[in-house]
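Each chain, written out:
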Amino acid sequence: MPPHPETWLKVRPDGLYCEPGDFFVDPLCPVGRAVITHAHADHARPGHDAVLASPETLALMDVRMGAGRAGAVQQALPYGEPITMGEVRLWMEPAGHVLGSAQVAMEWRGSRAVVSGDYKRQPDPTCLPFVPIPCDVFVTEATFALPVFRHPPAEHEIAKLLDSVALFPDRTHVVGAYALGKAQRVIALLRRAGWDRPIFLHGAQMPLCAAYERLGIPLGELLPATVAGKDKLAGAIVIAPPSAIADRWARRLAEPVVCNASGWMRVRQRARSKGVELPLVISDHCDWDELNQTLDDVGAPEVWVTHGREEALIHEAAKRGIRGRALRLVGYGDEQEDLPDAETRSPAAA
Ligand SMILES: [Zn+2]
Ligand SMILES: [Zn+2]
């Protein structure tokens, strides 16, 4: 009988620790060996001795933290290439969350666990789609794990934005989108919808957009919003960090229509309190249906749940005979959607 994953994949204060492989997955503090699912700040922290991640994630960590700061020794592991870490066979598959995002599959003595990091099932032109991996334990996020959260197709939300631009041709539409993943997805979706004019960027959005282009994701013509005059920005679309859309920075724009691209925009109250005129329900996380669909797709008899509304998902999984466990790891959040973050408040952002 293969050992149960809880005997070899342990919950420690620093994160999930794989004992026979002697490494952590997405550790919350600097450790000896870290395997990183994706480059968001709550999963990828600096200062490890050795780091293993997808090539794209390593490149994006360099941009976010400064070259080499993720770890002294860095190893790039492309999707689908198994390696051995200690006694463990490990490989990565796409998670569909942001460019380079990976699920970490681990196998020890015939027992298999998959840590999915953050993931979504909606198509995204900036990253490869999520691949379901059959396993004994599936570790899932639960950011939007309540039945109230249902994300419409992102294309519908982009159409809403373009309708508004057509309706108010003299105003600037400023879209709040976090700098890693969301901004590039919104831009790529606008291009697909036929928006071929330049898209203007807040300074904080420039480095990661440039990195996406270097990594092979074309985003079309991007210009800094700061150098463009107010009249040039009339009728234009500007992408900015969520923290900047309702503050002094946005007032320089021509009668801005404040938009925000986030799964939280489903909650009207939340949009209103943030001064958002046009909420766009675009999320890089699964909604309630996607989470439940994924549990069925991977077919694991047991699911471990992190960051978010663990109880609702565990309750729903139990109805289908899936055992649930809340990991209660403190430190994972939903990126820059709410948390103040160095990235969105750098001096360059002014
Ligand atoms: Zn993330
Ligand atoms: Zn996360």
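This is a predicted model, so every value here is computed, not measured.

Engineer: Hey, could you go over the sheet that holds strand β4 (residues 33-35) for me, with residue numbers and the actual values?
Structural biologist: One open sheet accounts for six strands, arranged β1-β2-β3-β4-β5-β6; its pairing is mixed. This sheet does not close on itself; its edge strands, each paired only once, are β1 (9-12) and β6 (71-76). With direction set aside, neighbouring strand axes in the sheet form an average angle of 30°. Bridge count between β4 and strand β5 (residues 48-53): three bridges; the pairing is parallel. Within β5, the position partnered with A34 by the bridge is V51.

Engineer: So what's going on with the pairing of strand β11 (residues 137-142)? Which residues, and what values?
Structural biologist: Of all six residues in β11, six are buried, a share of seventy percent or more. Sheet analysis places strand β10 (residues 111-115) next to β11, joined by three bridges and oriented parallel. Looking across to β11, one finds that V114 is bridged to F138. Looking at chain direction, β11 and strand β18 (residues 302-308) are connected through six bridges and run parallel. Note on β18: the bridge partner recorded for T140 is V305.

Engineer: Lay out the nonpolar core in plain terms, naming residues and giving numbers.
Structural biologist: Of all hydrophobic cores here, the largest spans 106 residues; its most connected members are V186, V238, I239 and C259. Per element, the largest residue contribution to this core is six residues, and it comes from helix α3 (residues 182-192). When residues are assigned to domains, this core turns out to be shared by domain 1 (5-148 + 284-333) and domain 2 (154-280), each giving three or more.

Engineer: Now, about the domain arrangement of the protein chain: what can you tell me, with residues and values included?
Structural biologist: Along its sequence, the protein chain is carved into domain 1 (5-148 + 284-333) and domain 2 (154-280). Averaged C-alpha coordinates put domain 1 and domain 2 at centres separated by 29 Å. Each partner contributes residues to the interface: domain 1 has 18 residues there, and domain 2 has 17 residues.

Engineer: So what about the packing of helix α1 (residues 55-65) against helix α4 (residues 206-214)? Which residues, and what values?
Structural biologist: In contact at an axis separation of 10 Å, α1 and α4 are set at 155° when each is read in the N-to-C sense. Overall, the two elements α1 and α4 adopt an arrangement that is roughly antiparallel. Seen along the crossing, α1 lies across α4 with a hand that is right-handed. Facing A59, L60 and V63 of α1, the residues of α4 in contact are P207, L208 and A211.

Engineer: Summarise the environment of P256; cite the residues concerned and give the values.
Structural biologist: Within the fold, P256 resides in the loop between α6 (248-251) and β16 (257-261). Residue classification places P256 among the buried residues on the basis of 20 C-beta atoms within 10 Å. When the C-alpha positions of P256 and V174 are compared, they lie 6.3 Å apart, and in sequence the two are 82 residues distant. Apart from the residues within four sequence positions on either side, P256 is in contact with R171, T172, V174 and A250.

Engineer: A description of the pairing of β10 should follow, citing residues and the corresponding values.
Structural biologist: As defined by bridge partners, strand β9 (residues 102-108) adjoins β10 across five bridges and the pair is classed as antiparallel. Each residue of the ladder has a partner; that of V104, found in β10, is V115. A loop of two residues connects β9 with β10, the two strands running antiparallel in sequence, and R109 in this loop sits at a positive phi of about 50°.

Engineer: So, helix α9 (residues 310-318): which residues are in play, and what are the values?
Structural biologist: When we look at burial in α9, the residues that qualify are E310, L313 and A317. One face of α9 carries all of its buried residues, which in axial projection span an arc of 75°. Opposite its buried face, α9 presents the exposed residues H315 and A318, each directed more than 90 degrees away. For α9, the secondary structure elements touched by its buried residues are β11, α8 (288-298), β18 and β19 (323-326).

Engineer: Which residues make up the sheet that holds strand β15 (residues 237-240), and what values do they have?
Structural biologist: Taken together, the six strands give an open sheet; going across it, the order is β14-β13-β15-β12-β16-β17, and neighbouring strands pair in parallel fashion. Since the sheet does not close on itself, it has two edges, and those belong to β14 (222-224) and β17 (278-280), each with one partner. Between one strand axis and the next, the sheet turns by 30° as a mean value, whatever way the strands run. Taken together, the two bridges between strand β13 (residues 199-201) and β15 define a ladder with parallel strand orientation. Bridging across to β15, F200 finds its partner in V238. Against the sheet, helix α2 (residues 154-167) makes contact with β12 (173-176), β15, β16 and β17, and its axis sits at roughly 155° relative to β17, the strand it touches most. Sheet strands in contact with α3 are β12, β13, β15 and β16, and its direction is about 160° off that of β15.

How each quantity is defined
Residues numbered from 1 in each chain as written. Chains lettered and ligands numbered in written order. Predicted model: local features only at pLDDT ≥ 70, side-chain atom pairs only at ≥ 80, totals over all residues. Pairing = 2+ DSSP bridges. Helix = DSSP H or I, 4+ residues; strand = E, 2+ residues; numbered from the N terminus. Axes fitted to C-alpha atoms, helices over the stretch in contact; angles between N-to-C directions. Buried ≥ 20, exposed ≤ 12 C-beta atoms within 10 Å, placed from the backbone. Core = buried A, V, L, I, M, F, W, Y, C linked by C-beta atoms within 7 Å. Domains from an automatic or database assignment. Contact = placed C-beta atoms within 7 Å. Parallel < 35°, antiparallel > 145°, perpendicular 65-115°, else oblique. Left-handed = near helix turned anticlockwise from the far one by under 90°. Arc of directions from axis to C-beta.

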